[in-house]
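Structural overview
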Amino acid sequence: MRAAFPLLAACDARGEGLAYLDNAATTQKPACVLDAVDAFYRTGCANPHRSNHRLARSATEAFESARAELARFAGADADEIVLTSGATHALNLAALGYGAAVLRPGDEVAVSLLEHHSNLVPWQEAARRTGAKLVPLVPDRAGRISDAEVDRAIGPRTRIVAVTGTSNVLGCAPPVVRIASAAHACGAVVVLDCAQSVAHEPLDVRALDVDFAAFSGHKMYGPMGTGVLYGRRELLERTAPLLRGGGMVDRVFERTATFDEAPGGLEAGTQNVAGAVGMAEAARFLSRIGFDAVRAHERALTRRMVEGLASLPSVKLYGPGPDDRDERHGIAAFNVRGVDAAVAAQVLDRRGVAVRAGTHCAQPLLRHLGTDAVCRASIGVYNDERDVDRFLEAVENAQREAVALMTSAML
Ligand code: PMP
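Note that the coordinates shown come from a computational prediction; the quantities given were computed from them, not determined experimentally.

With 75 residues, the main nonpolar core has Phe-73, Val-169, Leu-170, Phe-215, Met-220, Tyr-221 and Leu-286 as its most contacted residues. Among the elements that make up this core, the one with the highest residue count is helix H10 (residues 273–289) (ten residues). Looking at this core, you find at least three residues from each of domain 1 (33–287) and domain 2 (290–410). When near neighbours in sequence (up to four residues on either side) are disregarded, Met-220 contacts Thr-27, Phe-73, Val-198, Ala-199, Phe-215, Met-279, Ala-282, Ala-283 and Leu-286. Ranked by size, the runner-up nonpolar core spans 32 residues in total, among them Val-336, Leu-348, Val-355 and Ala-398.

This is how it looks when you write it as structure tokens:
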């Protein structure tokens with residue numbers, strides 16, 4: 001698998017053997033994705049949905065085939081897929097394009113406390129613009145949202161529920177089907193942020209029964225600057241564009257304009273066609289491996305990682321306990337006792353282990369967990385037992401090496 005990823009293969013060829021465990025921030029890209037992007041620019045570059053020459057028609061075909069592939073990947077229809085610059089753009093479209101158009105004063109938007117800022121801050125703005133109220137869906141310390149909490153937070157005033165598929169900090173997955181059924185019983189709409197789950201679990205928007213779903217290409221082995229907003233047809237029709245301009249209008253007069261239907265009407269300006277082609281190739285890449293194989297591989301590595309961390313007295317683990325091994329979807333959040341998270345990540349980096357430290361764009365969650373920073377190790381398809389063991393060895397030595405690092409910094 002590592003050989004399919006040029007960046008990792010190059011590290012191996014130099015004898016560096018990078019243990020890349022920062023997959024929740026972004027994944028590396030396989031050669032098939034790089035080739036697809038490259039081939040578009042080398043042989044297929046033209047602006048889709050505009051000119052009518054052969055090359056432009058083939059660019060339109062490439063862009064729409066990418067949309068169709070991503071629709072298949074999400075279990076949706078192609079006209080329910082808006083191509084965006086990423087999950088953040090997609091969630092802003094759901095919150096400010098749809099939410100701000102339908103919310104009224106006194107309406108409630110339930111947002112889980114597990115959310116990445118990208119699925120919280122846009123709802124804060126939608127609430128500010130409309131007079132709606134945000135209601136937090138609060139997990140326990142292990143990241144679990146109980147049935148009682150779902151029933152408390154979702155009620156007759158709830159219009160929208162925004163929830164993540166997997167926490168990008170703790171790796172736990174909220175009960176999305178249970179939340180969707182409570183929301184729909186109240187006539188509310190469910191917005192799922194699957195940025196963190198999309199590379200690890202199959203996505204089926206109909207089986208999950210969600211109304212909107214957002215994800216990024218770069219977290220599923222695709223290019224940066226790509227993403228999707230899935231929306232149920234009738235909801236996309238009520239979604240206002242965030243950007244207005246070329247490529248999305250029907251008729252334009254001096255003072256007014258009418259817009260194309262979604263999804264094209266929500267895609268203003270020249271689109272990232274090469275990116276969409278690359279993201280669709282990434283979806284094919286994942287489908288070729290198959291999610292059963294992805295899950296089995298990542299589950300085994302996650303267990304090894306979590307059991308290893310739990311056995312180290314110097315480590316404080318966050319989220320599900322070591323006994324709830326399968327509740328973490330490829331992610332372990334931890335701190336090394338007495339060592340600042342950023343310093344611990346630096347110490348690991350010196351041993352060729354890449355993890356992220358900080359708030360992970362989830363400040364309310366970290367506050368809820370009683371900490372201001374954690375280290376996060378996250379698994380991808382190319383990781384293996386050697387990566388995990390190298391990581392565990394680095395963590396085991398982190399206290400000692402952090403002291404050495406800080407002392408040398410002071411001298
Ligand atoms: N939601 C979650 C759960 C995420 O992990 C991320 C990426 N860190 C985002 C949303 C935002 O994705 P992007 O930065 O690709 O727009």
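Attention now moves to helix H15 (residues 398–410). With 13 residues, H15 should reach 18 Å at 1.5 Å per residue; the first-to-last C-alpha distance of 18 Å fits that figure. Listed in full, the buried residues belonging to H15 are Ala-398, Ala-402 and Leu-405. Seen along its axis, H15 keeps its buried residues to an arc of 65 degrees; they face one direction. With respect to the buried face of H15, the exposed residues turned more than 90 degrees away are Arg-400, Val-403 and Met-410. The secondary structure elements touched by the buried residues of H15 are strand E12 (331–336), helix H12 (341–350) and helix H14 (385–396).

In the vicinity of the ligand, the contacting residues are Ala-87, Thr-88, His-116, Ser-118, Thr-164, Asn-168, Asp-193, Ala-195, Gln-196, Ser-216, His-218 and Lys-219. One nitrogen or oxygen atom from the side chain of Thr-88 is found 2.5 Å from an oxygen atom belonging to the ligand. Here Asp-193 contributes a side-chain N or O atom positioned 2.5 Å from a nitrogen atom of the ligand. Protein contact buries 86% of the 390 Å² of open area that the ligand shows by itself. Classifying every residue of the shell around the ligand gives two nonpolar, eight polar and two charged.

This part is about the packing of aromatic side chains. For the structure on display, the rule yields ten aromatic pairs. Here the aromatic rings of Phe-5 and Tyr-382 are separated by 4.6 Å at their centres, their planes lie at 75 degrees, and the arrangement is edge-to-face. With Phe-5 in the segment before helix H1 (6–13) and Tyr-382 in the loop between strand E15 (374–378) and H14, the pair connects residues that are 377 residues apart, well separated along the chain. Judged by centre distance (5.5 Å) and plane angle (65 degrees), the ring pair of Phe-40 and Tyr-41 falls under edge-to-face. Three or more aromatic residues link up through ring pairs in this structure, and these residues are Phe-5, Tyr-221, Phe-285 and Tyr-382. The aromatic ring of Tyr-318 is capped on one face by Lys-316, whose charged end is 4.9 Å from the ring centroid.

So, on to the environment of Leu-18. Turning to its location among the elements, Leu-18 is positioned in the loop between H1 and strand E1 (19–20). Along the primary structure Leu-18 and Leu-7 are separated by eleven residues, whereas in three dimensions their C-alpha atoms are 9.6 Å apart.

This part is about the packing of helix H2 (residues 31–43) against H10. One can describe the packing of H2 onto H10 by two numbers: an axis separation of 8 Å at closest approach and a directional angle of 150 degrees. Considering their axes alone, H2 and H10 lie roughly antiparallel with respect to each other. Between H2 and H10 lies a crossing whose hand is right-handed. Counting all contacts with H2, which are made through Cys-32, Val-33, Ala-36, Val-37, Phe-40 and Tyr-41, the residues of H10 involved are Val-273, Ala-274, Val-277, Gly-278, Glu-281, Ala-282, Phe-285 and Arg-288. Of the residues contributing to the contact of H2 with H10, the split by class is eleven nonpolar, one polar and two charged.

Across its 16 residues, helix H4 (residues 87–102) extends 21 Å between first and last C-alpha, which sits within 8% of the 22 Å expected from 1.5 Å per residue. Buried residues of H4: Ala-87, Ala-90, Leu-91, Leu-93, Ala-94, Ala-95, Leu-96, Gly-97, Tyr-98, Gly-99 and Val-102, and no others.

Another aspect to go through is the pairing of strand E3 (residues 108–112). The element E3 is extensively covered by neighbouring structure, given that five of its five residues are classed as buried. Neither face of E3 is exposed, since Glu-108, Ala-110 and Ser-112 on one face and Val-109 and Val-111 on the opposite face are all buried. With five bridges connecting them, E3 and strand E4 (residues 133–137) associate as parallel partners. For Val-111, the partnering residue across the bridge sits in E4 and is Pro-136. Considered for its hand, the β-α-β crossover made up of E3, helix H5 (residues 121–130) and E4 is right-handed. Pairing between E3 and strand E5 (residues 158–164): four bridges, direction parallel. By the bridge assignment for E5, Val-111 is matched with Ala-162.

Below, the discussion takes up unusual backbone geometry. Omega for the peptide link from Ala-262 to Pro-263 comes to 5 degrees, which places this bond in the cis form. Position of Pro-263 relative to the elements: it lies in the loop between strand E10 (257–259) and H10. Not every positive phi belongs to a glycine, and His-360 is a case in point at roughly 55 degrees. With respect to the helices and strands, the residue His-360 is situated in the loop between strand E14 (356–358) and helix H13 (363–369). In the Ramachandran plot, Cys-361 falls in the positive-phi region, its phi being about 55 degrees despite a non-glycine side chain. On the basis of relative accessible area, Cys-361 is assigned to the partly exposed category, the value being 26%.

What counts and how
Residues numbered from 1 in each chain as written. Predicted model: local features only at pLDDT ≥ 70, side-chain atom pairs only at ≥ 80, totals over all residues. Heavy atoms only, no water. Core = buried A, V, L, I, M, F, W, Y, C linked by side-chain atoms within 4.5 Å. Buried < 20%, exposed > 50% of the residue type's maximum accessible area, 1.4 Å probe, protein only. Helix = DSSP H or I, 4+ residues; strand = E, 2+ residues; numbered from the N terminus. Domains from an automatic or database assignment. Contact = heavy atoms within 4.5 Å. Expected span 1.5 Å × (residues − 1). Arc of directions from axis to C-beta. Near = heavy atom within 4 Å. Polar contact = N/O pair within 3.5 Å; in protein donor to acceptor, adjacent residues only side chain to side chain. Areas by Shrake-Rupley, 256 points an atom, 1.4 Å probe, with all protein chains shown as cover. Nonpolar A, V, L, I, M, F, W, Y, C, P; charged D, E, K, R; others polar. Phe/Tyr/Trp six-rings, centres within 6.5 Å; stacked < 30°, edge-to-face > 60°. Lys NZ or Arg CZ within 6 Å of the ring centre and 35° of its normal. Axes fitted to C-alpha atoms, helices over the stretch in contact; angles between N-to-C directions. Parallel < 35°, antiparallel > 145°, perpendicular 65-115°, else oblique. Left-handed = near helix turned anticlockwise from the far one by under 90°. Pairing = 2+ DSSP bridges. Right-handed = clockwise from strand over helix to strand, strands pointing away.

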